[in-house]
Amino acid sequence: MHITLAPEPIVLMSDARVAAIPVAECGEPLVDVHGTLLVDDRRADTTGSFAHLRRGVLDRLVHAQSLLPDELRLLYVEGYRPPDLQRRYFEEYAHKLRTANPAWPDDQVHQAASRYVSPPEIAPHSAGAAVDLTLVDADGTELDMGTRVNASPEESDGACYTDTASISPQARANRALLADALSAAGLINYRTEWWHWSYGDRYWALMTGQPAALYGPRALQ
């Protein structure tokens, strides 16, 4: 397996500084995004968990939507992820990396896995703080973003990294449209995944200089 490492100076989810951020849980509810955003069903689950976010995150996505050109819409792919599911995703990907690289120590596997799946103990998705999304045109056709949503670093040879130079000018322009709207609405990007944006979690707190996260992991009621 060819491993594409995250270019500097990206701060990975496995960074100790992320885990060190305290959580000052604000108690904001998880809400269903159906009826507010255009929802794709590729990550749908039987309970509908994937279509939930914290209210403050959804409000910011609605604002981001208003900043896009009239002919474009956000396409919501996945938000909340139960902690058990997050752990399974992380362990499965770590197992693939470990199998392909048997000489790697555990900490190297853990770091490499965090380029693509957040460690479960700090995962923004499990706090309802993160969303995976893309852009569609007026006909509902996804814009060219350089890779598919959820393309791994190995599959895409690093083209999943937000600032990669290995995609077309049109794909870069489309990523910039998405980034400009979401950044203006207060969300931050995990730069190994152009589609992953969050607000209120530990990673957001570290990257924006906040003293604590607003949202911690929780169960969907």
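Below, the structure is looked at part by part. If you're wondering where the values come from, they're calculated on a predicted model, not measured in any experiment. (Residues numbered from 1 in each chain as written. Predicted model: local features only at pLDDT ≥ 70, side-chain atom pairs only at ≥ 80, totals over all residues. Heavy atoms only, no water.)

**Digging into the overall build of the chain**
No. 1: Scanning the chain from N- to C-terminus turns up seven helices and seven strands.
No. 2: Starting at the N terminus and ending at the C terminus, the chain contains elements arranged as α-β-β-β-α-β-α-α-β-α-α-β-β-α.
No. 3: Computed over its C-alpha atoms, the radius of gyration of the chain comes to 17 Å, within 12% of the 17 Å expected for a compact globule of 221 residues.
No. 4: Each of the three principal axes of the chain carries a C-alpha extent, and together these read 50 × 40 × 35 Å. (Helix = DSSP H or I, 4+ residues; strand = E, 2+ residues; numbered from the N terminus. Rg over C-alpha atoms; globule rule 2.2 N^0.38 Å.)

**Concerning the pattern of salt bridges**
No. 1: Tallied over the entire structure, the rule returns 11 salt bridges.
No. 2: The partner of Arg42 in a salt bridge is Asp40, and the shortest N-O contact between them spans 2.7 Å.
No. 3: Put simply, Arg43, Glu78, Arg81 and Asp132 are held in one network by salt bridges that share partners. (Salt bridge = Lys/Arg side-chain N within 4 Å of Asp/Glu carboxyl O.)

**Points about the nonpolar core**
Within soluble globular proteins, side chains that are nonpolar tend to cluster in buried spots.
No. 1: Core analysis: the largest hydrophobic core is formed by 49 residues, its most contacted members being Leu61, Leu74, Val131, Leu133, Leu178, Leu187 and Trp197.
No. 2: When residues of this core are traced back to their parent elements, those giving at least two are α2 (55–67), β4 (73–78), β5 (130–136), α6 (169–184) and α7 (202–208).
No. 3: In contact with Leu74, other than residues within four places in its own chain, are Leu38, Leu61, Ala64, Gln65, Leu68, Leu133, Thr134, Leu135 and Leu178.
No. 4: Within the second largest apolar cluster, nine residues are counted, among which are Ala94, Ala112, Ala113 and Val117. (Core = buried A, V, L, I, M, F, W, Y, C linked by side-chain atoms within 4.5 Å. Buried < 20%, exposed > 50% of the residue type's maximum accessible area, 1.4 Å probe, protein only. Contact = heavy atoms within 4.5 Å.)

**Notes on the pairing of β4**
No. 1: Where burial is concerned, most of β4 is hidden: five out of the six residues are buried.
No. 2: Here strand β2 (residues 38–39) runs beside β4; their pairing, made up of two bridges, is parallel. If you follow Leu38 over to β4, its bridge partner there is Leu75. (Pairing = 2+ DSSP bridges.)

**Regarding the layout of surface pockets**
No. 1: Considered as a void within the structure, the largest pocket measures approximately 350 Å³ in volume.
No. 2: Per element, the largest residue contribution to the lining of the largest pocket is four residues, and it comes from helix α3 (residues 83–100).
No. 3: Tallied by class, residues from the lining of the largest pocket come to eight nonpolar, five polar and eight charged. (1 Å grid on protein atoms, 1.4 Å probe; cavity = no way out; pocket = protein on both sides within 12 Å on 5 of 7 lines; lining within 4 Å. Points joined across faces, edges and corners; volume = space filled by probe spheres on them. Nonpolar A, V, L, I, M, F, W, Y, C, P; charged D, E, K, R; others polar.)

**So, unusual backbone geometry**
No. 1: Phi at Asn150 is positive, roughly 75°, even though this residue is not glycine.
No. 2: Phi at Asp157 is positive, roughly 55°, even though this residue is not glycine.

**Some points on the sheet that holds β2**
No. 1: Spatially, the five strands line up as an open sheet ordered β2-β4-β5-β7-β6, and their pairing is mixed. Each edge of the open sheet carries a strand with a single partner, namely β2 and β6 (188–189).
No. 2: The strands touched by α2 within the sheet are β4 and β5, with β4 carrying the most contacts at an inclination of about 145°. (Axes fitted to C-alpha atoms, helices over the stretch in contact; angles between N-to-C directions.)

**A look at the side chain of Thr147**
No. 1: Topologically, Thr147 is positioned in the loop between β5 and α5 (153–156).
No. 2: Residue Thr147 is classed as buried on the basis of its relative accessible area, which comes to 16%.
No. 3: There is a polar contact of 2.8 Å between the side chain of Thr147 and the side chain of Trp194.
No. 4: Sequence-distant contacts of Thr147, that is, excluding residues within four places in its chain, are made with Ser156, Ala159, Cys160, Arg175, Trp194 and Trp195. (Polar contact = N/O pair within 3.5 Å; in protein donor to acceptor, adjacent residues only side chain to side chain.)

**Some details on the pairing of β5**
No. 1: β5 sits mainly inside the fold: seven of its seven residues count as buried.
No. 2: A two-sided burial pattern is seen for β5, the buried positions comprising Ala130, Asp132, Thr134 and Val136 on one face and Val131, Leu133 and Leu135 on the other.
No. 3: Across five bridges, the pairing between β4 and β5 is antiparallel. Among the inter-strand pairings, Arg73 is bridged to a residue of β5, identified as Val136.
No. 4: Sheet analysis places β5 next to strand β7 (residues 196–198), joined by three bridges and oriented antiparallel. Bridge pairing links Ala130 to Ser198 in β7.

**Thoughts on the packing of α2 against α6**
No. 1: Axis separation between α2 and α6 bottoms out at 8 Å; the angle between their running directions is 130°. By the angle class used here, α2 and α6 are oblique. Along this stretch, α2 crosses α6, giving a crossing that reads as right-handed. On α6, the residues that touch Leu61, His63, Ala64 and Leu67 of α2 are Ala181, Leu182 and Ala184.
No. 2: Classifying every residue of the contact of α2 with α6 gives six nonpolar, one polar and no charged. (Parallel < 35°, antiparallel > 145°, perpendicular 65-115°, else oblique. Left-handed = near helix turned anticlockwise from the far one by under 90°.)

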